[in-house]
Structure formats: C-alpha cells, structure tokens
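Listed below are the residues making up each chain.
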Amino acid sequence: MGSSDPVVHPVRFVHPEPAAVGRSGSVSRFDHTQYVSSTMEFRCNLKCVHCMIEDTMDRLAPQTFEHFKTLLAHNATHRQWKGLILTGSEITLHRDLPEWARMARRSGFEHVRIQTHGMRLAQASFCDELIDAGVDEFFVSVAAADASTHDAITQVSGSFDKTLRGLELLDGYDHVTTITNTVVTTRNYTQLNDLVGRLKPLKRLAQMEFWFYFPMSETDEKDLIASHLDVLPFLKEAVAAVRGLGRGVEVKNFPECLLGADRDALYNDQPTLFIDPAFWTEFMRNGFHQCVYRQRCGATQCLGLNSAYMEKFGDHAEILKPFPQAQTRQ
Ligand code: SF4
C-alpha cells in the first residue's frame with residue numbers, strides 16, 4: 001500500500017472461520033494471516049487496570065478516513081485479506097462504525113469484526129444496527145467470571161452485566177461469531193475456569209482467548225503480572241474446559257515449554273495491524289524474548305519472558321525447558 005504500508009506487529013500477531021483451523025499445529029479457529037486490523041478510535045469509557053494504552057491514549061492518532069479508504073481499495077484489488085477488524089480503544093463509541101462496516105462489505109471483505117468491551121451490545125437496537133451493516137464477528141473482552149471482579153478491573157460498575165447481556169443478545173443471531181478475550185493478571189487468574197463455565201451456554205462463542213498481561217513498561221508498577229507458575233494450573237484447567245466444549249482456544253504470551261501437552265494452544269501471531277507508529281515505541285519497552293534458552297530453543301511461537309516479568313520473578317532458568325531445535329511447530 002505504498003507509504004501506507006501496514007505496521008506489522010514486531011512480536012507476531014493474526015482471525016477465525018468457526019469451522020476452520022488456524023496456523024498449522026494450533027487449536028485456534030482463526031487464521032490471522034487472513035485478517036487486517038485498523039485502529040480507528042482512541043477513546044474508551046472503561047478504565048481497565050490492565051489497559052495497554054492508558055498512558056498513550058490521548059497522544060495516539062487513529063487511522064484517517066483516507067487511509068481507511070485506501071485499505072479498502074487495496075484489498076478490493078488484491079484480495080490480500082478476507083476479514084477486517086475494526087478496533088481502537090473502544091470502537092463502538094464512534095458514530096461512523098456502521099458505515100465503515102458497510103463500506104468494508106461493499107469493498108469485498110467477507111468478514112467484519114469489531115474488537116470491543118461489549119457494553120453497547122447490551123442494546124438490542126445497536127446489535128441490530130451493526131449486524132445489518134455487515135459486522136459478523138465480535139471479539140469481546142471479559143475481564144473475569146463474576147461481576148464484582150470484572151467491575152473492579154474495569155473500574156466501572158455494571159460493566160460485567162452489560163457485556164454479558166451483549167454476548168447473550170448476539171447469541172440470538174444467525175451467522176454471527178463471538179470470541180472472548182481475557183487479559184490474565186493477578187486479579188483474575190484463579191477465575192479462568194469459572195469464566196469458561198459462565199460462558200458455556202453461548203452457542204455463538206467459537207473461541208476463548210487468554211492473553212497473559214504485559215505492562216508496556218520495564219517494571220510491573222501495578223502488580224498485575226502473575227507468576228507463570230501460579231497461573232499454570234488454572235490456565236491448563238481452563239484450556240481443557242474450552243477444548244471440552246469444542247471451542248477454539250488461544251493463549252498468548254506464556255512460556256511454551258510450561259504448557260506441556262497444551263503447547264498447541266499458544267498462538268502469538270496477530271493480524272496485520274495499522275496503528276499509530278508511536279504505539280510501537282511504548283510496546284518495545286516490554287522487552288520480549290529474554291528467555292535464557294532463546295538462542296538454542298526450537299520453539300517457534302514462544303515470546304519467552306519480558307523485562308517486567310524477569311524483574312519481578314527472575315529468569316526461571318531452573319524451570320524452563322528448551323525444545324530441541326528440530327522439534328518445532330509449523
Ligand atoms: S525455553 Fe524459553 S524460549 Fe523455549 S519454550 Fe521455554 S520459555 Fe520459550
């Protein structure tokens with residue numbers, strides 16, 4: 001796309017067909033190489049304690065409408081991606097969202113996904129409007145399994161009930177896919193399996209994702225990073241439960257070697273992302289790939305440890321087990 005070439009996530013980031021399998025060897029339902037994300041909004045009406053961009057939200061610029069039109073024209077010509085993800089801090093706050101979805105569908109995108117905290121989806125009329133406009137995939141953040149924990153994390157009373165109501169309303173539509181994402185922190189890791197159970201009745205829920213928190217900083221000033229060792233039994237229990245329901249599952253930013261037989265759930269790829277380049281300056285402060293075994297480990301998905309994690313918990317050299325170089329996943 002010339003001077004508007006996508007800013008590709010330096011770590012590796014990717015999207016789902018409910019019945020499809022993503023990257024070879026993973027249990028994700030989505031092939032992230034088939035998706036492109038455009039960051040169109042930097043306002044939010046929650047104050048999640050784990051927010052990656054709370055300090056930069058006021059400075060980051062959304063993609064321009066001109067860039068958005070160029071992206072659509074590019075894909076109409078080249079058919080590079082099947083799905084468009086409209087994202088930002090909270091994309092549902094932008095009044096043009098339905099029109100963007102209509103434009104994307106007219107330009108040939110097979111899927112339009114929104115990434116959202118889901119509160120506005122508690123209004124049935126808003127769900128109708130988005131789905132009529134062509135949004136068919138909803139990536140919804142759920143912070144915990146119960147209202148008190150979720151609302152304490154989002155710092156907005158009533159947010160859990162609205163988000164859950166939204167997921168329940170979406171469940172009533174045909175041809176809609178939902179995905180949930182939970183950022184795993186010290187505040188919620190013991191609830192992961194409870195969350196799987198809480199969302200069990202949802203028929204449209206194709207996949208659940210668990211993203212291990214990183215602070216966009218060299219230190220964990222808010223004490224949100226949990227020890228991998230403490231999280232591991234809860235995470236494996238949740239992954240098994242999601243699998244048992246026949247759903248896709250993705251784990252991000254967790255040491256691959258600690259996952260054992262669940263290493264196929266680790267999927268750190270992301271879709272191509274268009275975002276203000278200033279975001280990456282902050283992102284690089286995380287300092288991923290610091291595992292002491294990185295150079296000789298055959299893992300292909302693992303991000304190792306990051307600066308803040310190591311500062312808090314050390315390098316886990318006695319616990320991490322590098323894979324032989326030849327023992328790689330596709
Ligand atoms: S040894 Fe290090 S790089 Fe290899 S899987 Fe474990 S954490 Fe990841």
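Everything below is about the structure printed above this text.
These numbers were taken from a predicted model, which means no experiment stands behind them. (Residues numbered from 1 in each chain as written. Predicted model: local features only at pLDDT ≥ 70, side-chain atom pairs only at ≥ 80, totals over all residues. Heavy atoms only, no water.)

Regarding the side chain of Thr 154
Stage number 1. Among the structural elements, Thr 154 can be located in helix α4 (residues 147–154).
Stage number 2. Looking at Thr 154, the relative accessible area reads 1%, which means it is buried. (Helix = DSSP H or I, 4+ residues; strand = E, 2+ residues; numbered from the N terminus. Buried < 20%, exposed > 50% of the residue type's maximum accessible area, 1.4 Å probe, protein only.)

Examining the site of the ligand
Stage number 1. Neighbouring the ligand are 13 residues, the closest being Cys 257, Cys 291, Cys 297, Cys 302 and Pro 322.
Stage number 2. A class-by-class count of the residues in the shell around the ligand yields ten nonpolar, no polar and three charged. (Near = heavy atom within 4 Å. Nonpolar A, V, L, I, M, F, W, Y, C, P; charged D, E, K, R; others polar.)

Structural notes on helix α7 (residues 228–244)
Stage number 1. With 17 residues, α7 should reach 24 Å at 1.5 Å per residue; the first-to-last C-alpha distance of 23 Å fits that figure.
Stage number 2. By the largest-angle criterion, Phe 234 marks the main kink of α7, which is about 25°.
Stage number 3. Residues of α7 that are buried: His 228, Val 231, Leu 232, Leu 235, Ala 238, Val 239 and Val 242.
Stage number 4. Packing partners of the buried residues in α7 comprise β5 (177–184), α6 (192–198), β6 (205–212), β7 (248–252) and α9 (307–313).
Stage number 5. Following α7 by one or two positions, Gly 246 adopts a phi angle in the positive range, close to 80°. (Expected span 1.5 Å × (residues − 1). Bend = angle between axes of the 7 residues up to and from the residue. Contact = heavy atoms within 4.5 Å.)

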